[in-house]
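Summary of structural features
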Amino acid sequence: MTNKMWGGRFSSAPAEIMEEINASIDFDKRLYAHDIRGSIAHCKMLGETGIISADDSNNIVQGLNKILSEIEDGTFEFSRSLEDIHMNIESRLMEMIGPVAGKLHTARSRNDQVATDFRLFVRETIDHIDRQLHDLQVQLSHKANTYAAAPMPGFTHLQVAQPVTFGHHCLAYVEMISRDRGRFQDARKRLNENPLGSSALAGTSFPIDRDFTSKELEFDRPTANSLDAVSDRDFVLETLAAATITAMHLSRLAEEIVVWVSAQFGFISLSDAFTTGSSIMPQKRNPDAAELVRAKSGRLLAAFTSLIVTLKGLPLAYSKDMQEDKEATFDALDNLSLCIAAMTGMVADMQVDTNMMKKSAGSSYSTATDLADWLVRVLNLPFRQAHGITGQIVSLAAERKIPLHRVPLDDMQKIEANITEDVFDVLTVANSLRSRTSFGGTAPKNVRRAAKSWIKKLEKEG
């Protein structure tokens, strides 16, 4: 008795442990729609080229559409003994229409079949993630416009550095996400080639039309080399790399949210929708959504690392190791999508305490650079000399525990005789912000212009 999957070459069934390690149906069944779409395109092409009859092609396509309906209404029975989604569908097709179902696999291997399915899945997922990132940019841009002139402390080394606006801070993440979207789009362009027709590794002797299937599946072109087509997983690596960088950006924003909602900062608050309580401390409101977004970035990096390590030692063309490409990828992209949705919700939900931010923006001598710039601009001093003078004035203020704008003019003039009363104009947070008019700077008019530009651009995208 032959093995029903492999035919005459194998005379007995695999060992139980072999079935356990070999089966992928538990996770690759989510590719059912992509597998059926690819099979329908392939079958139509076989009919159009006369490789199989038009009647056989139509019967197979009808059967595949019925299987799609069965899977979507939950009546399809998946079998682990059939190993993967491809064999599950083919076996059911055989039950439905008989031996003619076997003609579907003419001029095709599971190697080019799975490569096609996976490209279709990754392409669809990239489009979904791009829409999500667009929505996150919209929320951040609107927050930026609302708070274009709201002062907050800018930080380096998590120490107060110079005043910025909350709107400017939000737009920094809009820019990051724009780069993320660009990376995903670059990956999409490169993946959008059709491996179907490469067969196992060497192509096929049948007179197939790969342009036909490329058009049916909305690929830009067929892949140019059959060996490369079945062994390539660069498109997954690129997508995971883009996803990992995106997750890192989300993690940075999540970390800032965790800091901002703390009692020590109090810059923002989140509602019950994005916080949880404590099992023992009734007063607690924990930013768990942000913390989980921060944590999940590690899962995406792990998926990228896992796949690149799997691929690095593989010879051409296909090896079973490549079955390990899917489970981690599914998990990573699912979690990225979840993180984007959570972050979009938090940004929309957050309430900003402008008074707390404004108070903090002027702390820790944040306008010291404005003083140094005034010394350069008005007194024509070299910046390094101005830097030293400013440092002495800051030290004096710190000794007396007074803010910089409260240091008497006489005491400033003991350090630099030519300082005039006009210097106090640049020592306020508001004036500091207004002065940062260089392109990309934090001046409120800059921020408002940039935010409105982003809103208009994102609305045009739809």
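Here, every reference points to the structure presented above.
Regarding the overall build of the protein
When you go through the protein residue by residue, the secondary structure sums to 18 helices and six strands. In terms of overall size, the protein is more extended than a compact globule, its C-alpha atoms giving a radius of gyration of 31 Å where 462 residues would be expected to give roughly 23 Å. Each principal axis of the C-alpha atoms in the protein carries an extent, and together these give about 105 × 55 × 40 Å. Each of the 462 residues in the protein was classed as buried or not, and the buried ones make up 47%. At a minimum sequence separation of 6, the contacts of the protein that also span at least 24 residues come to 74%. In the form shown here, the protein has an accessible surface area of approximately 22,700 Å², with 52% of it arising from carbon and sulfur atoms.

Quick word on the pattern of salt bridges
Going through the model one piece at a time under the given rule, you end up with 26 salt bridges. A salt bridge links Lys414 to Asp411; the nearest nitrogen and oxygen atoms lie 3.6 Å apart. You can see Lys414 and its partner Asp411 sitting in helix α16 (residues 409–415), three residues apart, about one turn around the helix. For Asp411, a relative accessible area of 12% corresponds to the buried category. Ionic contacts of the salt-bridge type, sharing partners, join the residues Glu83, Asp84, Arg110 and Lys320 into one network.

Thoughts on helix α10 (residues 234–260)
The end-to-end C-alpha separation of α10 is 39 Å, in line with the 39 Å expected for 27 residues at 1.5 Å each. With 19 of 27 residues buried, α10 is to be regarded as a mostly interior element.

Concerning the nonpolar core
In this structure, Leu140, Phe166, Ile257, Leu336 and Met343 are the most contacted members of the largest nonpolar core, which totals 88 residues. With 14 residues, the single largest contributor to this core is α10. When near neighbours in sequence (up to four residues on either side) are disregarded, Met343 contacts Leu136, Leu250, Leu253, Ala254, Ile257 and Val293. The next biggest cluster of nonpolar side chains, apart from the first, holds 19 residues, and it includes Ala372, Val394, Val407 and Met412.

A closer look at the pairing of strand β1 (residues 151–156)
Each regular strand carries side chains that alternate between the two faces of the sheet. Direction of pairing for β1 relative to strand β2 (residues 159–165): antiparallel, over a ladder of five bridges. Each residue of the ladder has a partner; that of Met152, found in β2, is Val164. Between β1 and the antiparallel strand that follows it, β2, lie two residues; His157 among them carries a positive phi value of about 60°.

Some points on the packing of aromatic side chains
With the rule as written, the count across this model stands at nine aromatic pairs. On the numbers, 6.2 Å between centres and 20° between planes, the contact of Phe118 with Phe121 is stacked. Of this pair, Phe118 and Phe121 both sit in helix α6 (residues 110–146), three residues apart, which is roughly one turn of that helix. When sorted by exposure, Phe118 lands in the same class as Phe121, which is buried. One aromatic cluster in this structure is built from Phe118, Phe121, Phe235 and Phe330. The ring of Phe118 carries Lys326 above its face, with NZ or CZ at 5.3 Å from the centroid.

Examining helix α14 (residues 368–379)
A rise of 1.5 Å per residue sets the reference length of α14, with its 12 residues, at 16 Å; its end C-alpha atoms lie 16 Å apart and thus fit the reference within 8%. One or two steps after α14, the chain reaches Asn380, where phi turns positive at roughly 60°.

A short note on the side chain of Gln113
Locating Gln113 in the fold gives a position in helix α6. A relative accessible area of 3% means that Gln113 is categorised as buried. Ignoring sequence-local partners within four residues, the contact set of Gln113 consists of Asp35, Ser39, His86, His105 and Arg108.

Section: the side chain of Thr442
The residue Thr442 is located in the loop between α17 (429–435) and α18 (444–461) in this model. Here the side chain of Thr442 touches Thr165 through a polar contact of 3.0 Å, landing on its backbone nitrogen. Not counting chain neighbours up to four residues away, the residues in contact with Thr442 comprise Pro163, Val164, Thr165, His168, Leu433, Arg436 and Val447.

Focus: the packing of α10 against helix α11 (residues 288–311)
Two elements in contact, α10 and α11, have axes separated by 8 Å at closest approach and are oriented at 160°. It follows from the interaxial angle that α10 and α11 lie roughly antiparallel. Note that α10 runs across α11; the crossing there is left-handed. Taken together, the residues of the contact of α10 with α11 break down into 20 nonpolar, three polar and three charged.

Quick notes on the packing of α6 against α10
It is the contact of α6 with α10, at a shortest axis distance of 11 Å, that shows an interaxial angle of 25°. One finds that α6 runs roughly parallel with respect to α10. As for the relative orientation of α6 and α10, their crossing is left-handed in sense. Contacts between α6 and α10 involve Ala115, Phe118, Arg119, Val122, Ile126, Leu133, Leu136 and Leu140 from the former and Phe235, Val236, Thr239, Thr246, Leu250 and Leu253 from the latter. Grouping the constituent residues of the contact of α6 with α10 by class yields 11 nonpolar, two polar and one charged.

As for unusual backbone geometry
Following Leu316, the chain continues to Ala317 via a peptide bond in cis, the omega torsion being 10°. Within the fold, Ala317 resides in the loop between α11 and α12 (325–349). Residues other than glycine seldom take positive phi values, yet His157 does so here, at roughly 60°. Judged by its relative accessible area of 77%, His157 is exposed. Despite not being glycine, Glu218 has its phi angle at roughly 60°, a positive value. Locating Glu218 in the fold gives a position in the loop between α8 (210–216) and β4 (221–222).

Rules and cut-offs
Residue positions are counted from 1 within each chain, in the order its sequence is given. Only residues with pLDDT of at least 70 are given local features in this predicted model, and only at 80 or more are side-chain atom pairs given and counted; all residues enter the totals for whole chains, interfaces and linings. With hydrogens and water set aside, each side-chain value is computed from the structure's full complement of heavy atoms. For the purposes of this entry, the term helix denotes a DSSP run of H or I that reaches at least four residues, the term strand denotes a run of E that reaches at least two, and both are numbered from the N terminus. In this description the radius of gyration comes from C-alpha coordinates, and the expected globular size is given by 2.2 Å times residues to the power 0.38. When accessible area is computed with a 1.4 Å probe and restricted to protein chains, residues below 20% of their type maximum are described as buried, those above 50% as exposed, and intermediate ones as partly exposed. We call two residues in contact when some of their heavy atoms are within 4.5 Å. Note on areas: Shrake-Rupley, 1.4 Å probe, and residue coverage restricted to the protein chains presented here. By definition here, a salt bridge exists when the distance from a side-chain nitrogen of Lys or Arg to a carboxyl oxygen of Asp or Glu is within 4 Å. Helix span, as expected, comes to 1.5 Å for every residue beyond the first. The set of buried Ala, Val, Leu, Ile, Met, Phe, Trp, Tyr and Cys residues whose side-chain atoms join them within 4.5 Å is what this entry labels a nonpolar core. By this definition, two strands are paired if DSSP reports at least two bridges between them. For this analysis, a ring pair means two rings from Phe, Tyr or Trp (six-membered ring only for Trp) whose centres lie within 6.5 Å, classed as stacked if their planes differ by under 30 degrees, edge-to-face if by over 60, and tilted for the remaining angles. Here, over-ring charges are defined by two tests on the NZ atom of lysine or the CZ atom of arginine: distance to the ring centre within 6 Å, and angle to the ring normal within 35 degrees. Polar contact is the term for a pair of N or O atoms within 3.5 Å; when the atoms are in protein, one must be able to donate a hydrogen and the other to accept it, and sequence-neighboring residues count only if both atoms are side-chain atoms. Lines fitted to the C-alpha atoms define the axes, with helices restricted to the stretch that makes contact. Angles between their N-to-C directions range from 0 to 180 degrees. Oblique is the label for any angle not covered by the other classes, which are roughly parallel (under 35 degrees), roughly antiparallel (over 145) and roughly perpendicular (65 to 115). Two helices crossing with the near one rotated counterclockwise from the far one by less than a right angle form a left-handed crossing, whereas a clockwise rotation gives a right-handed crossing. Polarity classes work like this: nonpolar for Ala, Val, Leu, Ile, Met, Phe, Trp, Tyr, Cys and Pro, charged for Asp, Glu, Lys and Arg, and polar for all others, with Gly in that last group.

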